[in-house]
Amino acid sequence: MTMALRDRLGRWLTFRFDPETAHDMAIAALKSGLVPGQRADADPRLAVRTAGLAFPNPVGVAAGFDKNAQVPHALLAIGFGFAEIGTVTPRPQAGNRRPRVFRLAEAHAVINRMGFNNAGHAVVRDRLSRRPAGGVVGVNIGANADSQDRIADYVSGLTEFYDLAGYFAVNISSPNTPGLRALQGRAQLAALLERLSEARRGLIAQGRRRVPIFVKIAPDLEEGALDDIAAEVAAKDMDGMIVSNTTLARTGLARDPGQAGGLSGRPLFERATIMLARTRQRVGPRMTLIGVGGVDSAAAALAKIEAGADLVELYTGMIYQGPQLAARILGGLSDRLDREGVSSIAALRDRKVEEWAARPLPGA
């Protein structure tokens, strides 16, 4: 059975179930080994070194797929260059009421209002501590919805997972926890990042390694807000940014499904890529950027890289194209390097930053 046929059959089967049940089935399939690994030799031209980390390729799994660190090693085994687990909060929480995930199949999109449902620090830490060694696994940290001190929750995440995380993603941009995006405001962001930076400095002073911290932002920011965030990220010694989370906009949909929550998938691609390029303009060439939003092909991954991304992440694309999507993207990127005659994927970064940054945001 070909890879494409297997993915089509898998989609047909999982789409017979509601989205959360289908997701649980995908996790179970990965845990059981039903999803075959990629045994082909990696293309060394796709390797990326950034933020002090070595990635075998630039294509990772975004947070939200493996919330509770059940299958990070299995994701690495099917071709992903890194996996980001979470979002994880200090205490377990159930998240928002179901139904809370909605497929928009005609748009290759999803709306979700999950609300940081996860098993909490203790369970996730135990799982990460027992995973096979090797590979880059990032930990996406957040705050409990009813927390009295959200900044303390983020600091707790940093300290709890410091010896296990390849990097940290600071999720201040989910639209599904009331008030969370207020942490993107300059004063609150400055306080949060200073506390995280201070905690990391203390751990490094104890002889621990420096673990990179990336700040994950929304694609719905005004220009001035993006200016402020970029300035604070640089001032507080953060290592990079993840651009972007889901959007509250509904531009690009043929119809508004009338569901609250964050939109991901193909309709997010243009908005998120414009914001990525504008972020690269603000932070300069040295800071690590991860491009997220609408990555479901080699062409989309390449566009993110040309717009300023060192690495890219995907999730919704896998829902519609199956778990072998990473392998197909990597094959397409290798083909592009052949045609370009360049020896590294990094050589393609930033080629179209100005072009993307000059585009108007959809719906503007």
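Here the structure is shown first, and the text comes after it.
Okay, so let's go over this structure. (Residues numbered from 1 in each chain as written. Predicted model: local features only at pLDDT ≥ 70, side-chain atom pairs only at ≥ 80, totals over all residues. Heavy atoms only, no water.)

1. Considering the overall build of the chain
Thought 1: Summing up its helical and strand segments, the chain has 12 helices and 13 strands in all.
Thought 2: In summary, the chain has a C-alpha radius of gyration of 19 Å against a globular reference of 21 Å for 364 residues, a match within 12%.
Thought 3: Taken along the three principal axes of its C-alpha coordinates, the chain extends 55 × 45 × 45 Å.
Thought 4: Counting every position in the chain, which comprises 364 residues, the buried fraction comes to 57%.
Thought 5: Of the contacts made within the chain by residues no fewer than 6 positions apart, 73% connect residues no fewer than 24 positions apart.
Thought 6: Just so you have it, the chain exposes about 14,700 Å², and 53% of that area is on carbon and sulfur atoms.
Thought 7: Between the mean site of the 46 positive side-chain charges and the mean site of the 37 negative ones, the chain shows a separation of 4 Å. (Helix = DSSP H or I, 4+ residues; strand = E, 2+ residues; numbered from the N terminus. Rg over C-alpha atoms; globule rule 2.2 N^0.38 Å. Buried < 20%, exposed > 50% of the residue type's maximum accessible area, 1.4 Å probe, protein only. Contact = heavy atoms within 4.5 Å. Areas by Shrake-Rupley, 256 points an atom, 1.4 Å probe, with all protein chains shown as cover. Lys, Arg positive; Asp, Glu negative; His and termini not counted. Charge placed at Lys NZ, Arg CZ, Asp CG, Glu CD.)

2. As for the sheet that holds strand β5 (residues 101–104)
Thought 1: Across the sheet, which stays open at both edges, the three strands sit in the order β5-β6-β11 with antiparallel pairing between neighbours. Of all strands in the sheet, those with a lone pairing partner are β5 and β11 (262–265), marking the two edges. Here the average twist between neighbouring strands, direction ignored, is 20°.
Thought 2: Sheet topology note: the β5/strand β6 (residues 109–112) ladder contains four bridges and is antiparallel. Directly across from F102, in β6, lies its bridge partner I111. (Pairing = 2+ DSSP bridges. Axes fitted to C-alpha atoms, helices over the stretch in contact; angles between N-to-C directions.)

3. Some points on the sheet that holds strand β9 (residues 213–217)
Thought 1: Overall, parallel pairing links the eight strands, which are arranged β3-β4-β7-β8-β9-β10-β12-β13 in a closed barrel. Averaged over all pairs of adjacent strands, the angle between strand axes in this sheet comes to 25°, irrespective of strand direction.
Thought 2: Sheet topology places strand β10 (residues 240–243) next to strand β12 (residues 288–292); four bridges connect them, and they run parallel. Counted as the bridge partner of G240 is T288 from β12.

4. Quick word on the packing of helix α6 (residues 186–205) against helix α7 (residues 223–235)
Thought 1: One way to put it is that α6 packs onto α7 with a least axis distance of 10 Å and a crossing angle of 20°. For the element pair α6 / α7, the angle class is roughly parallel. For the crossing formed where α6 meets α7, the hand is right-handed. The residues of α7 that touch α6, namely those facing R186, L189, A190 and L193, are D228, I229, A231, E232 and V233.
Thought 2: For the contact of α6 with α7, the class distribution of residues is six nonpolar, no polar and three charged. (Parallel < 35°, antiparallel > 145°, perpendicular 65-115°, else oblique. Left-handed = near helix turned anticlockwise from the far one by under 90°. Nonpolar A, V, L, I, M, F, W, Y, C, P; charged D, E, K, R; others polar.)

5. Focus: unusual backbone geometry
Thought 1: The linkage connecting R98 with the following residue, P99, adopts the cis geometry, with an omega of -5°.
Thought 2: Assignment of secondary structure puts P99 in the loop between β4 (82–88) and β5.
Thought 3: In the segment running from V243 into S244, the intervening peptide bond is cis, with an omega of 15°.
Thought 4: Phi is positive for A69, which is not a glycine, with a value near 55°.
Thought 5: Here A69 lies in the loop between β3 (59–61) and α3 (72–77).

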